[in-house]
Amino acid sequence: MRYLPLTEADRRSMLATIGVPSVDSLFRDVPEAARLSAPIEGLAPHAGEMEVERTIAAMAAKNISAGSVPSFLGAGAYRHHVPASVDHLIQRGEFLTSYTPYQPEVTQGTLQYLFEFQTQVALITGMDVANASLYDGATSCAEAVMMANRVTRRGKAVLSGGLHPHYRDVTLTNARFHGFEVVAAPADPEGEEDLLALIDDKTSCVVVQNPGFFGQVRDLTDLAAAVHAKGALLIVAVAEVVSLGLLTPPGEMGADIVVAEGQSIGNSLNFGGPYVGLFATRDKYVRHMPGRLTGQTVDAEGRRGWVLTLSTREQHIRREKATSNICTNSGLCALAFTIHMSLLGEEGFKRLARLNHAKAVQLADRLDGLKGVEVVSDSFFNEFTVRLKKPASKVVNKLAKHGILGGVPVSRLHPGDEALADLLLVTATETNTDADMEALAHGLKEALS
Amino acid sequence: MNTQGRKTHIDTLGVEGGNAASAAAGTISGNRALMLEEPLIFEQDSPGTTGVDLPEPPTFKPRLGKVRERGTIGLPGLSEPEVIRHYTRLSQKNFAIDSGLYPLGSCTMKHNPRLNEKLARLPGLSDIHPMQPERTVQGALELIDTLAHWLKTLTGMPAVAMSPAAGAHGELCGMAAIRAAIEDRDGSTSHRRRVLVPESAHGTNPATAAACGFTVDAIPADATGRVDLEALKAKLGDDVAAIMLTNPNTCGLFERDIIEIADAVHKAGAFFYCDGANFNAIVGRVRPADLGIDAMHINLHKTFSTPHGGGGPGSGPVVLSEALAKFVPLPYVVHGEDGFSLVESGEDDQANGKEFGRLKGFHGQMGMFVRALAYILSHGADGLRQVASDAVLNANYVMASLKDVMTASFEGPCMHEALFDDRFLKGTGVTTLDFAKAMIDEGYHPMTMYFPLVVHGAFLIEPTETESKQSLDAFIRVMRGLAERARSGDAEHFLGAPRMTPRRRLDETGAARKPVLRWVPEVSQAEAAE
């Protein structure tokens, strides 16, 4: 077995040092009834690289990879071009096979990139401070609500109908078990909801997504002021982080906490994970924040260096009184984000965002003229909603048969709501060509005829 | 494991131990050959430069409604070679499994096979969107289902929830399942809200119990480092929802009474949550189902070797007993006549109606699933059994080779990790922390220190099965040498360590007192000072 270095001679000599006759005797504390005397049944014996690769490659071959066909899927996960150097750098063993930087003298590399990550996240969201990442956008959203409950000492969250249903559902799961109240506004494809009517003096926070799940972009300045007037916090969720290269950031609109899905920068689609949750807030709330934080300090010779800090918020110190139970986060995905963002820089990030918006405008114009297709979103970034004259899920399945991944039917994420059955979310990114768009237009024409 | 919040010994570092290394180097740059000083990316800004060539967007009319386009963000501009050099240099300041023995107890820092990296990057697995039609991702669903099958087989459990994103997230899943099952059985007003957690538990256990709306009640350890069975029985009652027990426990010991504990817990109408962080010690040799557990998370980044990545991403599937099998999070994969499909909502025809909700976005840590499956298939039934055997053998070898110079906390044999405390340092003026820092200069990542909390100044050493005997012998020689050095009165050597690292001891107290959590441009800093 290529991964196990001990030889039989080593094992014999080590057992002699320990003073036991066999490895089995080291397991003597295991109740006899629970000891397996032979390898687990059913699983084949060890296999070489070639055989394992064959088995798993066969599974991979049964999937249609998004890059091999015209693809327009979004709804919280976006296909962007990731520069080759990102994946090269994150596979350096010094990053890949290191762990949480508990010993700062030998993990300055990890600590420094996390400090850079925190700074980048704070900059793009327009906030004061960000943590070193959480699992994903949806879990970050739930953590933000629980943080708002701690800050305001209230226990009721109001969720916009434009919030990604997964973000809503993860928050609801946490609400059920952690014990707080959630008022979730109904799905809001037209962007007409009145969240202020749902706020009362028990409301800890209002959660809105921008761009919204259905695509609209909103100026949240007035909403922020109104929420603050009620003593609550405004949480802004960003499911497509590239939008922050073009839109006024939530921090400038008055957000108190910004959560985002960072997958778009540096990370592949990966069928939904691992992704990276971004979490940013105001300086005054930093001690209520969940997750790891890297801070600047000096070493014994007065040189600048980095350490994990404010850990008295965390579970390994505070145990049941911790701000969150999170331990492992998304370190390597955060590194990919940081490297990609560093490669883009100010110019590149803004250009990427403009390019995405331009592609989406082009696609919306192309589709809007088609018979049986109506663009619903009057404003959007790189994703918009169209209303079809047939159920969107059927249309999408038809398109898939023709080798086109044509979008995400709203009904997949909002099941059971007949009024939404004809709605399709369509995304265009920098990866989509004119030919892709033509293929979608033709495919839709056919599917709707 | 936790080392934060410990007082550092910075104040005690005199000039003698202090500037020696840098002063001796005497370089103009501050560099020391391969050890290069590297500023922040923000301090290398060439405005207007970018490392990504993107086409200029065509002229078009934006559709941003009332939202203004943003102004300056403040991101630095660098070319590709500059970015590559920057992150390469940062990587060189890290200790990693690839470079040496990383005996961080309870974290299972074993070798990460590169085949697994290669396979996770196959476009058919990495470049698929989670919302693609199910017909277009049958292979991905098959892979999740296959991994689920092996996790169930290896644990003997009938069900597994695949979506949790890490160990602590798996705990949340398991405890949510327990609460959902109790409410289903006893009604939603059930007063079973007390969870018993041993004092030696990982901090995530009590934090998770609290996050699920339970109260935490600590159970003491007995003199052998295990749960005190009588104390546990005395605490059981009709308000107890569950016990959360790590097995092998955080002292590196197998809980001998585990079957009796499970029986007592079940008899009291409560559930048994097992923290599976240490599954590496028993994989292929013991099936947790045979111990009577109801739920256990498996850290794929520990036992199944998905890379730790500087702190994630992890993955924490949770195996469940028959009693909990229906109380799962959404979504999950099912296999019907038509192939594989996902149950994504309680309204799905295939849903069982008892699902407790969603834990994260989309379907789980697919990238980690690929690596874990490759690991399982590579090892096979014989290899996995050998993993546990060698992990336990290596730890006992370290224990046997050090127990005459260090103080083992409990009688052996241990499982996959060896626990020592700081009694052997008594009167030397050297603490566990100082000892750890001296290990760094010797080329080792320190073990987990000051955890578990049940012994004083803990050294928790987990060598894992991927260390050779030669590697262990070298480590043992260093540990023995350091122990002798400490006892010989050379405290100064330890108090000044590490001396040869990119940075010496860092001021953690100062970092927490006045937190600087991001870079700010010098202009803003100057403005702030005025």
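Residues numbered from 1 in each chain as written. Chains lettered and ligands numbered in written order. Predicted model: local features only at pLDDT ≥ 70, side-chain atom pairs only at ≥ 80, totals over all residues.

Engineer: Explain the overall build of chain B to me, using residue names and the numbers behind them.
Structural biologist: Looking only at helices and strands, one finds 16 helices and 15 strands in chain B. With the C-alpha coordinates aligned to their principal axes, the bounding extent of chain B is approximately 75 × 70 × 50 Å. Out of the 530 residues in chain B, the part that is buried amounts to 59%. Taking as baseline every contact in chain B between residues at least 6 positions apart, the subset at least 24 positions apart corresponds to 74%. (Helix = DSSP H or I, 4+ residues; strand = E, 2+ residues; numbered from the N terminus. Buried ≥ 20, exposed ≤ 12 C-beta atoms within 10 Å, placed from the backbone. Contact = placed C-beta atoms within 7 Å.)

Engineer: Before we move on, can you summarise the overall build of chain A with the specific residues and values?
Structural biologist: Check the secondary structure of chain A and you find 13 helices and 13 strands. A globule of 449 residues ought to have a C-alpha radius of gyration of about 22 Å, and chain A, at 25 Å, matches this closely. For chain A, the C-alpha atoms occupy an extent of roughly 80 × 50 × 50 Å along the three principal directions. Within the span of chain A, comprising 449 residues, buried residues form 65% of the whole. A sequence separation of at least 24 residues applies to 72% of the contacts in chain A between residues at least 6 apart. (Rg over C-alpha atoms; globule rule 2.2 N^0.38 Å.)

Engineer: I'd like a description of the interface of chain A and chain B, backed by residues and values.
Structural biologist: Each partner contributes residues to the interface: chain A has 177 residues there, and chain B has 185 residues. With 22 residues, the single largest contributor to the side of chain A that touches chain B is helix 10 (residues 331-368) of chain A.

Engineer: Give me the lowdown on the environment of B:Leu324, citing residues and values where you can.
Structural biologist: Residues and elements named next belong to chain B. Examined against the element boundaries, leucine 324 turns out to sit in the loop between strand 7 (318-320) and strand 8 (329-330). Residues leucine 324 and proline 446, 122 residues apart in the sequence, show an inter-C-alpha distance of 39 Å. Aside from chain neighbours lying at most four places away, what touches leucine 324 is Ala177, Ile178, Ala181, Asp294 and Ala295.

Engineer: Could you give an account of the domain arrangement of chain A, with specific residues and numbers?
Structural biologist: Reports often express the size of an interface as the amount of accessible area lost when the parts come together. Residues and elements named next belong to chain A. Taken domain by domain, chain A comprises domain 1 (66-81 + 345-448) and domain 2 (84-340). Relative placement of domain 1 and domain 2: their C-alpha centres are 27 Å apart. The interface is formed by 28 residues belonging to domain 1 together with 24 residues belonging to domain 2. Those elements that place two or more of their residues in the side of domain 1 that touches domain 2 are helix 10 and strand 11 (383-388). With seven residues, the single largest contributor to the side of domain 1 that touches domain 2 is helix 10. Within the side of domain 1 that touches domain 2, the residues separate by chemical class into 13 nonpolar, 10 polar and five charged. (Domains from an automatic or database assignment. Nonpolar A, V, L, I, M, F, W, Y, C, P; charged D, E, K, R; others polar.)

Engineer: Can you explain the packing of helix 5 (residues 108-125) of chain A against helix 10 of chain A? Please cite residues and give values.
Structural biologist: Residue and element names in this part refer to chain A. Running from amino to carboxyl end, helix 5 crosses helix 10 at an angle of 65°, the nearest separation of the two axes being 9 Å. For helix 5 against helix 10, the interelement crossing comes out left-handed. Contacts between helix 5 and helix 10 involve Thr110, Tyr113, Leu114, Glu116, Phe117 and Gln120 on the former and, on the latter, Gly331, Ala334, Leu335, Phe337, Thr338 and Met341. Split by residue class, the contact of helix 5 with helix 10 holds seven nonpolar, four polar and one charged. (Axes fitted to C-alpha atoms, helices over the stretch in contact; angles between N-to-C directions. Left-handed = near helix turned anticlockwise from the far one by under 90°.)

Engineer: I'd like a description of the nonpolar core, backed by residues and values.
Structural biologist: Residues A:Val207, A:Ile235, A:Ala237, B:Ala177, B:Ile178 and B:Ala242 are the most contacted members of the largest nonpolar core, which totals 322 residues. In terms of residue count, the dominant contributor to this core is helix 11 (residues 366-402) of chain B (23 residues). When residues of this core are assigned to domains, at least three fall in each of domain 1 (66-81 + 345-448) and domain 2 (84-340) of chain A. Aside from chain neighbours lying at most four places away, what touches B:Ile178 is B:Ala241, B:Ala242, B:Phe271, B:Tyr273, B:Ala295 and B:Leu324. (Core = buried A, V, L, I, M, F, W, Y, C linked by C-beta atoms within 7 Å.)

Engineer: Any details on the sheet that holds strand 3 (residues 215-219) of chain B? Residues and values, ideally.
Structural biologist: Residue and element names in this part refer to chain B. In space, the seven strands of this open sheet follow the order 1-7-6-5-4-2-3, with mixed pairing throughout. Where the open sheet ends on each side, the last strands, each with one partner, are strand 1 (159-161) and strand 3. Direction aside, neighbouring strands of the sheet carry axes that sit 25° apart on average. Summarising the sheet, strand 6 (residues 295-297) and strand 7 pair through three bridges and their orientation is antiparallel. Counterpart to histidine 297 in the pairing with strand 7 is valine 318. Across the sheet, helix 7 (residues 167-186) touches strand 1, strand 4 (240-246), strand 5 (271-275), strand 6 and strand 7, and the angle it forms with strand 6 is around 165°. (Pairing = 2+ DSSP bridges.)

Engineer: Requested: an account of the sheet that holds strand 10 (residues 373-375) of chain A, with residues and values cited.
Structural biologist: Strands pair in a sheet through their backbones, by hydrogen bonds, and they do so in one of two ways: parallel or antiparallel. Residues and elements named next belong to chain A. The four strands lie next to each other as 10-11-13-12, forming an open sheet whose pairing is antiparallel. In this open sheet, the two edge strands, each paired with only one partner strand, are strand 10 and strand 12 (408-409). Where strand 11 and strand 13 (residues 423-427) come together, five bridges link them in antiparallel fashion. Across the sheet, arginine 387 pairs through a bridge with leucine 423, a residue of strand 13. Contacting strand 11, strand 12 and strand 13, helix 11 (residues 392-401) runs over the sheet at an angle of about 45° to strand 13.

Engineer: Residues and numbers for the pairing of strand 3 of chain B, please.
Structural biologist: Residue and element names in this part refer to chain B. Pairing between strand 2 (residues 194-198) and strand 3: five bridges, direction parallel. Its bridge partner lying in strand 3, valine 197 is registered against alanine 218. A crossover links strand 2 with its parallel partner strand 3, the connecting element being helix 8 (residues 204-211), and its sense is right-handed. (Right-handed = clockwise from strand over helix to strand, strands pointing away.)

Engineer: Which residues make up the confidence of the model for chain B, and what are the values?
Structural biologist: Low-pLDDT portions of the prediction should not be read for the details of their coordinates. Residue and element names in this part refer to chain B. Here chain B averages 93 in pLDDT, while 94% of its residues score no lower than 70. Confidence drops under pLDDT 50 across residues 1-21; counting only partners more than four residues distant or on other chains, this segment forms 51 contacts. At the level of chain-chain contacts, confidence expressed as ipTM amounts to 0.98, with global pTM at 0.96. (pLDDT = per-residue confidence, 0-100.)

Engineer: How would you summarise the UniProt feature "domain: Glycine cleavage system P-protein N-terminal" (unreviewed entry) in chain A if you had to cite specific residues and measurements?
Structural biologist: Mapped onto this structure's residue numbering, the UniProt feature "domain: Glycine cleavage system P-protein N-terminal" (unreviewed entry) falls at residues 1-440 of chain A. As a span, residues 1-440 of chain A carries 35% helix and 13% strand, and end to end its C-alpha atoms are 50 Å apart. (UniProt positions renumbered as here; feature names shortened; annotations may be inferred.)

Engineer: With reference to specific residues and values, describe helix 8 of chain B.
Structural biologist: Residues and elements named next belong to chain B. By the criterion of burial, helix 8 is predominantly enclosed, with eight of the eight residues buried. Taken together, the buried positions of helix 8 are occupied by Thr204, Asn205, Pro206, Ala207, Thr208, Ala209, Ala210 and Ala211. Following helix 8 by one or two positions, glycine 213 has its phi on the positive side, about 85°.

Engineer: Let's hear about helix 7 of chain B: which residues, and what values?
Structural biologist: An α-helical turn contains 3.6 residues, so any two residues separated by three or four positions project in the same direction. All names here are of chain B. For helix 7, spanning 20 residues, the distance from its first C-alpha to its last is 28 Å, which sits close to the expected 28 Å at 1.5 Å a residue. Most of helix 7 is tucked away, with 16 of its 20 residues classed as buried. Once helix 7 finishes, glycine 187 follows within two positions and takes phi at roughly 95°, a positive value. (Expected span 1.5 Å × (residues − 1).)

Engineer: Please give an account of the packing of helix 2 (residues 49-61) of chain A against helix 6 (residues 138-155) of chain B that cites residues and values.
Structural biologist: Contact geometry for helix 2 of chain A and helix 6 of chain B: axes closest at 6 Å, N-to-C directions at 135°. Relative to helix 6 of chain B, helix 2 of chain A is oriented oblique. Taken together, the residues of helix 6 of chain B that come into contact with helix 2 of chain A (itself represented by A:Met59, A:Ala60 and A:Ala61) are B:Gly139, B:Glu142 and B:Leu143. Across the contact of helix 2 of chain A with helix 6 of chain B, the residue classes tally to four nonpolar, one polar and one charged. (Parallel < 35°, antiparallel > 145°, perpendicular 65-115°, else oblique.)

Engineer: Please set out the pairing of strand 3 (residues 181-184) of chain A residue by residue, giving values where relevant.
Structural biologist: Residues and elements named next belong to chain A. Looking at chain direction, strand 2 (residues 156-159) and strand 3 are connected through four bridges and run parallel. The partner of valine 158 across the bridge, within strand 3, is valine 183. Crossover strand 2 to strand 3 through helix 7 (residues 165-178) is right-handed.

Engineer: Tell me about unusual backbone geometry, and please be specific about residues and values.
Structural biologist: In terms of backbone geometry, most residues other than glycine have negative phi values and most peptide bonds are trans. With an omega of 5°, the peptide bond between A:Gly273 and A:Pro274 qualifies as cis. You can see A:Pro274 is positioned in the loop between strand 6 (257-261) and strand 7 (277-281). With an omega dihedral of -5°, the bond running from B:Ala497 to B:Pro498 counts as a cis peptide bond. Tracing the backbone shows B:Pro498 in the loop between helix 14 (491-495) and helix 15 (508-513).

Engineer: Pulling in residues and values, what's your account of the environment of A:Ser342?
Structural biologist: Looking at the element boundaries, A:Ser342 is found in helix 10. A:Ser342 sits in the buried class, given 31 other C-beta atoms within 10 Å. Along the primary structure A:Ser342 and A:Gly109 are separated by 233 residues, whereas in three dimensions their C-alpha atoms are 15 Å apart. Non-local contacts of A:Ser342, meaning those with residues more than four positions away in its chain, are made with B:Ile41, B:Leu78 and B:Val83.

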